[in-house]
Amino acid sequence: MKNRLHKLSLLIKDFGILFCLKYCYYKYTRKTDSYLNLVYKYLEKFFADEINDFKQRDFNKEQISTEPSNKIWVCWWQGFDKMPILCKICYSHLKEIIPSNFELILITKDNYAQYANIPIHIIEKLENNVLNVTQFSDILRNSLLYHNGGTWIDSSIWCNEHFIDYINDNATFWSAKLGHIDDAHVTGQRISQCMWSSFLMHGKKGNPVSEFVYKCMCKYFQEHEYTIDYFLQNISIRLAYLHIPHIHEIIESIPTSNPHLYDLYRVMDDAFEEETWQRYNADTSFFKLTQKRPYPETANGMPTFYSHLKQLANIK
């Protein structure tokens, strides 16, 4: 109760009582479209200067790095030893299959400053528990891609041995893109329309998509203590897609790929079937899973898909 009252006080402080009343009503009565529209309108206004700046820039005259973006970024704040078992499975397997000309970097609280340019006000809010690690990681990944280039892969994503073939290294910005919304009940997908996946992104150093999101999120947390929405990163990309023609063109040009992106998760508890496994892997190299729940190792006395991943990753 005390935590809820504290969050409510921050919400009122940052947005005012009228906004707060609408926000809480839409959110807790599950009027998702009205809730998202309220959030969009607020952030459109708040990010108006950034949107106008990017609309006026001539990106054809700007130098985007042409160097190979061969860094693979994975993050677990407390380090590998503190990873949940599912993340250890995914990371250990990725480490085994990564091509020799790519560099896999595990970002932690001890090394992030070597690679990312994070403003001091963001770091202070993280240290003071105003900003949680999840929101910080959204700023972090966009800083890494904007300032260094490379590919961000969430720690809960399973990659198969062909994953590099799916990443368009020639593109200014690339992400896993489906031709349809996979699950309309998932708020993040309703925001992105599955045109991008913020848990899997590739960008050239200096790419405008990561630059826009990085600058917007840094600005937001400079002036707010309440996180207006868990999917602030996705909403920032959506605003860029809707209002900045160059970024709209970049996202439109991303080809659809990885049609079974979410399907492996749906069978993780089931007995392993080789035919299903081969079908999924025939046209998909990235599979979004979650570390937020346990998985059984057997189903009806047979090894599960989870057990199969564990075996492939050589995790006991």
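Data block above holds the structure.
Report on the accompanying structure. (Residues numbered from 1 in each chain as written. Predicted model: local features only at pLDDT ≥ 70, side-chain atom pairs only at ≥ 80, totals over all residues. Heavy atoms only, no water.)

1. Focus: the pattern of salt bridges
For the structure on display, the rule yields 13 salt bridges. Lysine 215 is the partner of glutamate 211 in a salt bridge, and the nearest nitrogen-oxygen pair spans 2.7 Å. Within this pair, glutamate 211 and its partner lysine 215 are both found in helix α10 (residues 208-223), separated by four residues, close to a single helical turn. Residue glutamate 211 is classed as buried on the basis of its relative accessible area of 3%. (Salt bridge = Lys/Arg side-chain N within 4 Å of Asp/Glu carboxyl O. Helix = DSSP H or I, 4+ residues; strand = E, 2+ residues; numbered from the N terminus. Buried < 20%, exposed > 50% of the residue type's maximum accessible area, 1.4 Å probe, protein only.)

2. Digging into helix α14 (residues 274-283)
The set of residues buried in α14 consists of Thr276, Trp277, Tyr280 and Asn281. The arc enclosing the buried residues of α14, seen along the axis, measures out at 120°, which places them on a common side. Along α14, the residues that are exposed and aim more than 90 degrees away from the buried face are Glu275 and Ala282. Where α14 is buried, its residues meet β4 (157-159), α13 (263-267), β7 (286-288) and α15 (305-312). (Arc of directions from axis to C-beta. Contact = heavy atoms within 4.5 Å.)

3. Some words on the state of the cysteines
All chains considered together, the criterion is met by zero disulfides. For the unlinked cysteine cysteine 20, the closest cysteine sulfur is that of cysteine 24, found at 4.0 Å. Judged by its relative accessible area of 4%, cysteine 20 is buried. (Disulfide = S-S within 2.5 Å.)

4. As for unusual backbone geometry
The phi dihedral of arginine 30 falls on the positive side, at around 60°, and the residue is not glycine. Considering the arrangement of structural elements, one finds arginine 30 in the loop between α2 (17-28) and α3 (32-46). Owing to a relative accessible area of 74%, arginine 30 belongs among the exposed residues under this scheme. The phi dihedral of asparagine 314 falls on the positive side, at around 60°, and the residue is not glycine. By the secondary structure assignment, asparagine 314 is in the segment after α15.

5. Observations regarding the pairing of strand β2 (residues 103-107)
Counted residue by residue, β2 has four buried out of five residues, so it is predominantly covered. Here strand β1 (residues 71-75) runs beside β2; their pairing, made up of five bridges, is parallel. Each bridged residue has a counterpart across the sheet, and for tryptophan 73 the counterpart in β2 is isoleucine 105. In this region the chain leaves β1, passes through helix α5 (residues 85-97) and returns to the parallel neighbour β2; the handedness of that crossover is right-handed. (Pairing = 2+ DSSP bridges. Right-handed = clockwise from strand over helix to strand, strands pointing away.)

6. A look at the sheet that holds β1
Reading across the sheet, the five strands line up as β2-β1-β3-β6-β5 and stay open at both edges, with mixed pairing between neighbours. Each having just a single partner strand, β2 and β5 (173-175) make up the two edges of the open sheet. The mean angle between the axes of side-by-side strands here comes to 20°, regardless of whether they run parallel or antiparallel. Contacts between helix α7 (residues 133-148) and the sheet are confined to β1, β2, β3 (150-153) and β6 (200-203), with β3 contributing the most and set at about 165° to the helix. (Axes fitted to C-alpha atoms, helices over the stretch in contact; angles between N-to-C directions.)

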